[in-house]
Amino acid sequence: MNTVYPLKTLSQLRPLLIGFRKANGLTQKDVSERLGVTQQTYARLEANPGSASMGRLFKVLTVLGVDVVLASGPSGLFCASSSTMEGAEKPIDSPTRREKW
């Protein structure tokens, strides 16, 4: 089951990264090894993810098995989705989902 986590402020990134990491049963050391950086480097990124580049965040989210969905409208601009975390499922209404192929 995919769960959607709307992200509206940078301060929401830290608890989401920690939650995704722990839901996958990973330590900071595990994630840092998969990224090819030191544990200290990853710990700094996790402590202040708002200062990281989008490229670095995408790498981290990929390691954590998280899909990124961008949506416009009042529901939010950026959502993180993972099948590993539990919570209420929220459908995403996007132009590509409404388009008929």
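Caption draft 1: Structural view of the overall build of the chain. Counting its secondary structure elements, the chain contains five helices and three strands. Along its sequence from the N terminus, the chain presents helices and strands in the succession β-α-α-α-α-β-β-α. Taking all 101 residues of the chain together, 34% fall into the buried category. Put simply, of all contacts in the chain between residues at least 6 apart along the chain, 60% involve residues at least 24 apart.

Caption draft 2: Spatial organisation of the side chain of Ser-32. Inspection of the secondary structure assignment puts Ser-32 in helix H2 (residues 28–35). In contact with Ser-32, other than residues within four places in its own chain, are Val-37, Thr-38, Gln-39 and Tyr-42.

Caption draft 3: Up close: the packing of H2 against helix H3 (residues 39–47). One way to put it is that H2 packs onto H3 with a least axis distance of 8 Å and a crossing angle of 105°. Between H2 and H3, the crossing angle belongs to the class labelled roughly perpendicular. Packed against H2, whose contacting residues are Gln-28, Lys-29, Val-31, Ser-32 and Leu-35, the element H3 presents Gln-39, Tyr-42, Ala-43 and Glu-46 at the interface.

Caption draft 4: Representation of the environment of Phe-58. With respect to the element layout, Phe-58 can be found in helix H4 (residues 54–63). Sequence separation between Phe-58 and Val-68 is ten residues; the distance between their C-alpha atoms is 8.1 Å.

Reading the values: the criteria
Residues numbered from 1 in each chain as written. Predicted model: local features only at pLDDT ≥ 70, side-chain atom pairs only at ≥ 80, totals over all residues. Heavy atoms only, no water. Helix = DSSP H or I, 4+ residues; strand = E, 2+ residues; numbered from the N terminus. Buried < 20%, exposed > 50% of the residue type's maximum accessible area, 1.4 Å probe, protein only. Contact = heavy atoms within 4.5 Å. Axes fitted to C-alpha atoms, helices over the stretch in contact; angles between N-to-C directions. Parallel < 35°, antiparallel > 145°, perpendicular 65-115°, else oblique.

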